[in-house]
Amino acid sequence: PGTLSPDSKLLALARFDAPAYQSSGLRAATTDPSFDAAMRLYQSKNYRAAAAALQSLPAQQRDSAQTQFFLSACLLLTGNPSGAESVATRVIARGDSPFLEEAYWLRAKSRFAARKLETARGDLHSLISLKGDWERKANQLLTQSLEVR
């Protein structure tokens, strides 16, 4: 009676809160007015419009790790886990950036949402191996994921 179905457990694993964005500091290394406008939409939780605005940026800005990371978050938050996974993969492929750990987290969440349990766990293992700020959260989520078969 009090147990969740495997599908409900997967949905719980996929639950995702929007990453914070602040318009100053390391994570926001731009003065591009178009990017700033897109991020104002993001901050107001208009993720669909923010995604469209981020996708319409000029190529150089659109391809930055920062833009790709927040675009991936928008895609996941608007119910497009496969799009989010693809874009997060591009952020991860760049290697070391201020967004690397969170990109692994985001990709794991998108894979849980797409019911790709084993590959999501693989992302959590990769995140744990980085031994960074997200290690503890990744360990907790990995442990929870082991309850789902």
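Residues numbered from 1 in each chain as written. Predicted model: local features only at pLDDT ≥ 70, side-chain atom pairs only at ≥ 80, totals over all residues. Heavy atoms only, no water.

J.: Quick question: what am I supposed to make of helix H8 (residues 117–129) here?
T.: Because each turn of an α-helix spans 3.6 residues, side chains separated by three or four positions in sequence point in the same direction. Here H8 contains 13 residues, and its C-alpha end-to-end distance of 19 Å stays within 8% of the 18 Å for a straight helix at 1.5 Å per residue. When we look at burial in H8, the residues that qualify are Leu117, Ala120, Arg121, Asp123, Leu124, Leu127 and Ile128. For H8, the angular spread of the buried residues around the axis is 155°, confining them to a single face. Among the exposed residues of H8, those oriented more than 90 degrees off its buried face are Glu118 and Ser129. In the core, the buried residues of H8 are packed alongside helix H1 (6–14), helix H7 (100–113) and helix H9 (135–145). Backbone geometry just downstream of H8 places lysine 131 in the positive-phi region, at approximately 55°. (Helix = DSSP H or I, 4+ residues; strand = E, 2+ residues; numbered from the N terminus. Expected span 1.5 Å × (residues − 1). Buried < 20%, exposed > 50% of the residue type's maximum accessible area, 1.4 Å probe, protein only. Arc of directions from axis to C-beta. Contact = heavy atoms within 4.5 Å.)

J.: Help me understand the pattern of salt bridges, please; the structure alone is not making it clear to me.
T.: Side-chain pairs of opposite charge can arise where the charged atoms are in close proximity. In this structure the tally under the stated criterion is 6 salt bridges. One salt bridge connects aspartate 123 with arginine 107, and the closest N-O pair in it is separated by 2.6 Å. Of this pair, aspartate 123 sits in helix H8 while arginine 107 sits in helix H7; the two residues are 16 residues apart in sequence, bridging distant segments of the chain. Several salt bridges converge on common partners, so that one network encompasses Glu85, Arg107, Arg111, Lys116 and Asp123. (Salt bridge = Lys/Arg side-chain N within 4 Å of Asp/Glu carboxyl O.)

J.: Could you clarify how one ought to interpret the layout of surface pockets in this entry?
T.: Over the atoms, a rolled probe matching the size of one water molecule traces out where space is still vacant. Reported here for the largest pocket is a volume of approximately 400 Å³. In terms of lining, the largest pocket is formed by 20 residues, of which the most central are Ala12, Arg15, Trp105, Lys109 and Leu141. The set of elements that each furnish at least two residues to the lining of the largest pocket consists of H1, H7 and H9. Classifying every residue of the lining of the largest pocket by side-chain character gives 11 nonpolar, 2 polar and 7 charged. (1 Å grid on protein atoms, 1.4 Å probe; cavity = no way out; pocket = protein on both sides within 12 Å on 5 of 7 lines; lining within 4 Å. Points joined across faces, edges and corners; volume = space filled by probe spheres on them. Nonpolar A, V, L, I, M, F, W, Y, C, P; charged D, E, K, R; others polar.)

J.: Would you take a moment to explain H9 for this structure?
T.: When H9 is considered as a whole, its buried residues turn out to be Ala138, Leu141, Leu142 and Ser145. One side of H9 carries all its buried residues, which in axial view fall inside an arc of 105°. Turned more than 90 degrees away from the buried face of H9, the exposed residues are Arg136 and Thr143. Next to the buried residues of H9 lie H1, H7 and H8.

J.: Sorry, what's going on with the packing of H1 against H7 here?
T.: Two quantities define a packed helix pair, namely the angle between the axes and the distance from one axis to the other. For the pair H1 and H7, the least separation of the axes is 8 Å and the interaxial angle reads 155°. By the angle class used here, H1 and H7 are roughly antiparallel. Note on packing geometry: the crossing formed by H1 with H7 is left-handed. Where H1 approaches H7, its residues Leu10, Leu13 and Ala14 are matched on the opposing element by Lys109, Phe112 and Ala113. Residue composition of the contact of H1 with H7, by class: 5 nonpolar, no polar and 1 charged. (Axes fitted to C-alpha atoms, helices over the stretch in contact; angles between N-to-C directions. Parallel < 35°, antiparallel > 145°, perpendicular 65-115°, else oblique. Left-handed = near helix turned anticlockwise from the far one by under 90°.)

J.: Explain the packing of aromatic side chains to me, please; I cannot follow it from the model alone.
T.: Each aromatic ring pair is summarised here by two numbers: the centre-to-centre distance and the angle between the ring planes. Across all of its chains, the model carries 8 aromatic pairs by this definition. When the centroid spacing of 5.2 Å and the interplanar angle of 35° are considered together, the rings of phenylalanine 69 and phenylalanine 99 count as tilted. Pair noted here: phenylalanine 69 is in helix H5 (residues 65–77) and phenylalanine 99 is in the loop between helix H6 (81–93) and H7, with a separation of 30 residues, a long-range link. Residue classification places phenylalanine 69 among the buried residues on the basis of a relative accessible area of 1%. On the basis of relative accessible area, phenylalanine 99 is assigned to the buried category, the value being 3%. The interplanar angle of 45° and the centroid separation of 5.3 Å between the aromatic rings of tryptophan 105 and tryptophan 134 together place this pair among those described as tilted. Here tryptophan 105 is found in helix H7, whereas its partner tryptophan 134 is found in the loop between H8 and H9, with 29 residues between them in sequence. By the burial criterion, tryptophan 105 is buried, and tryptophan 134 matches it. Members of the aromatic cluster, each reached through a chain of ring pairs, are Tyr21, Phe35, Tyr42, Tyr47, Phe69, Phe70 and Phe99. (Phe/Tyr/Trp six-rings, centres within 6.5 Å; stacked < 30°, edge-to-face > 60°.)

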